[in-house]
Amino acid sequence: MATEGGGKEMNEIKTQFTTREGLYKLLPNSEYSRPNRVPFNSQGSNPVRVSFVNLNDQSGNGDRLCFNVGRELYFYIYKGVRKAADLSKPIDKRIYKGTQPTCHDFNHLTATAESVSLLVGFSAGQVQLIDPIKKETSKLFNEESSCQHLWKVDWNEERENEGSKTSEEALVTVQRLIDKSRVTCVKWVPGSESLFLVAHSSGNMYLYNVEHSCGTTAPHYQLLKQGESFAVHTCKSKSTRNPLLKWTVGEGALNESAFSPDGKFLACVSQDGFLRVFSFDSVELHGTMKSYFGGLLCVCWSPDGKYIVTGGEDDLVTVWSFVDGRVIARGHGHKSWVSVVAFDPYTTSVEESDPMEFSGSDEDFQDLLHFGRDRANSTQSRLSKRNSTESRPVSVTYRFGSVGQDTQLCLWDLTEDILFPHQPLSRARTHTNVMNATSPPAGSTGNSVSTPGSSAPPPLPRSNSLPHSTVSNAGSKSNVADGAIASGVSKFATLSLHDRKDRHHEKDHKRNHSMGHISSKSSDKLNLVTKTKTDPAKTLGTPLCPRMEDVPLLEPLICKKIAHERLTVLIFLEDCVVTACQEGFVCTWGRPGKVVSLNP
């Protein structure tokens with residue numbers, strides 16, 4: 001068995017590693033894969049993805065696991081560190097012809113022990129809503145309804161009907177009425193039982209409602225809102241139909257999107273190398289960031305929604321401050337493209353510190369540690385000390401991880417000296433204060449560096465305006481979502497347009513980017529997106545993309561080769577860390593002190 005401290009062979013696969021918390025160990029008996037355990041030939045196939053849901057049943061085995069391998073989709077009871085995996089008894093298994101699953105997402109809001117809603121995106125552009133517990137296929141989106149019965153092919157039926165394989169593939173390869181390109185990401189809208197987002201490699205993203213049909217003709221769109229390198233359209237129809245909204249974002253594929261923990265903001269990363277953060281309800285652009293070079297492939301939010309981490313083709317992880325709208329750090333440890341980034345909400349270090357080391361006011365951190373719905377309660381209680389005036393200030397260290405095509409797992413710590421740098425590091429902070437579209441001209445922020453121990457937050461427009469904007473919009477998501485379900489797109493569009501049109505930062509946005517007024521009635525501009533060609537040589541060294549020497553460079557706590565093929569999954573659970581590689585193996589790494597003797 002290879003150990004963390006080895007280093008005898010650079011290509012040696014590690015089965016354990018040590019951090020300050022202790023020893024993480026690979027649990028071979030908790031490995032999930034295809035029932036035959038044969039490595040999958042991954043050439044030309046879509047990335048293996050993993051989704052989890054907890055059904056809160058009384059048995060204590062409430063976790064369910066879904067993963068795709070090639071044309072196959074599996075749904076298992078996930079036993080984690082408690083019991084060995086039983087690959088002979090999947091709850092549901094499916095094989096598809098003519099298309100491959102590319103991504104999937106559970107609706108955690110509606111999941112019960114008797115039923116669960118699972119969205120599955122496909123390489124040919126379709127989206128399927130299935131219930132793997134009931135073994136039912138509910139609906140098919142972006143596909144003709146007459147072909148729904150051809151999608152799922154039973155495990156044994158596929159072997160018996162090999163002769164009809166060609167004809168069935170020809171039947172399912174039909175015109176896609178909404179988008180013909182590969183689905184790159186599917187996400188349920190937080191807090192909604194029926195709304196979901198679908199991103200495509202075309203660069204388009206669509207908002208659907210499971211209660212509505214997609215119609216029998218191609219949709220016609222009407223411009224709702226337009227900004228720099230993005231446009232949002234509503235679907236023109238006498239009766240409400242899908243898609244409710246069409247987003248066109250950047251250039252090239254829209255590789256991943258992620259909702260903020262409170263569900264109010266949406267971060268998107270694209271093949272053009274840009275991170276774009278939108279207010280979801282008002283469909284307004286709140287900030288952008290450019291990769292060092294190449295496309296951005298993955299994105300995640302910190303549990304408190306204050307920071308966003310991206311990874312991509314520059315082999316770097318980049319940390320962007322949502323509040324300040326600037327790059328605060330980069331991390332270099334991977335030797336190839338970074339495919340997944342994720343925060344670990346269960347490994348957050350909280351320590352009491354000298355009050356003079358605390359930079360910023362209580363108001364700065366009013367929302368700092370309001371974690372998402374599924375975060376650990378113990379971590380929440382520790383982090384809540386940050387907002388308490390009765391206790392000493394505390395220091396928070398964020399833990400996040402990344403995996404890449406170099407088959408390596410990296411863990412990173414984001415510490416207070418990076419988040420709130422002292423004077424020697426303040427140059428980069430000053431240099432990037434004018435990051436986003438809502439910031440005033442660069443000359444107005446020249447003296448905005450906060451000093452250690454100061455009680456007032458730095459006078460950054462976004463840090464001053466966003467908390468108020470967030471408060472004023474509290475509850476708007478449910479109203480908009482309910483309106484979309486009850487009254488269709490017209491109410492959704494009305495709320496989005498009129499709630500914000502007179503806001504000051506909307507005027508700043510149009511002024512700073514020289515965007516002219518575009519009438520929503522201009523039918524000849526419905527599919528137009530303002531595509532400002534960004535010269536990488538001109539963006540490098542600007543707030544959009546600081547030079548390497550202008551921001552702190554993080555070094556990974558650990559960087560270990562843990563697979564033979566590129567890694568495609570990294571998920572942090574309370575008692576383990578889950579990874580997966582393109583060979584189709586889903587691995588469980590027991591956290592320190594959480595490993596027990598596994599019995600079948």
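Structure's up top.
About the criteria used
- Residues numbered from 1 in each chain as written.
- Predicted model: local features only at pLDDT ≥ 70, side-chain atom pairs only at ≥ 80, totals over all residues.
- Heavy atoms only, no water.
- Pairing = 2+ DSSP bridges.
- Helix = DSSP H or I, 4+ residues; strand = E, 2+ residues; numbered from the N terminus.
- Axes fitted to C-alpha atoms, helices over the stretch in contact; angles between N-to-C directions.
- Salt bridge = Lys/Arg side-chain N within 4 Å of Asp/Glu carboxyl O.
- Buried < 20%, exposed > 50% of the residue type's maximum accessible area, 1.4 Å probe, protein only.

### As for the sheet that holds strand β18 (residues 254–259)
Right, on to step 1. Ordered in space as β18-β19-β20-β21, the four strands form an open sheet in which the pairing is antiparallel. The sheet is open, and its two edges are formed by β18 and β21 (284–290), each paired on a single side. Strand-to-strand, the axes of this sheet are offset by a mean angle of 20 degrees, without reference to chain direction.

### Focus: the pattern of salt bridges
Right, on to step 1. Counted according to the given criterion, the structure contains 13 salt bridges.
Right, on to step 2. A salt bridge links Glu-284 to Lys-225, with the shortest nitrogen-to-oxygen separation between them at 3.7 Å. Here Glu-284 is found in strand β21, whereas its partner Lys-225 is found in strand β15 (residues 220–227), with 59 residues between them in sequence. Residues Glu-284 and Lys-225 agree in their burial class; the two are buried.
Right, on to step 3. For Arg-399, the salt bridge identified is with Asp-413, shortest N-O distance 2.6 Å. Taken together, the residues span a long stretch of sequence, with Arg-399 in strand β28 (residues 394–404) and Asp-413 in strand β29 (residues 408–414) at a distance of 14 residues. The pair Arg-399 / Asp-413 is uniform in exposure class, with both members buried.
Right, on to step 4. Ionic contacts of the salt-bridge type, sharing partners, join the residues Arg-20, Glu-21, Arg-399 and Asp-413 into one network.

### Concerning the sheet that holds strand β23 (residues 307–312)
Two pairing modes exist for strands in a sheet, parallel and antiparallel, and in both the strands are linked by backbone hydrogen bonds.
Right, on to step 1. If you walk across this open sheet you meet the five strands as β22-β23-β24-β25-β30, and the pairing is mixed. The open sheet is flanked by β22 (296–301) and β30 (553–554), the only strands paired with a single partner.
Right, on to step 2. Bridge count between strand β24 (residues 316–321) and strand β25 (residues 326–332): six bridges; the pairing is antiparallel. Residue Ser-321 lies in a different strand from β25, and its bridge partner there is Arg-326.

In short, shape yes, function no, at least from these values alone.
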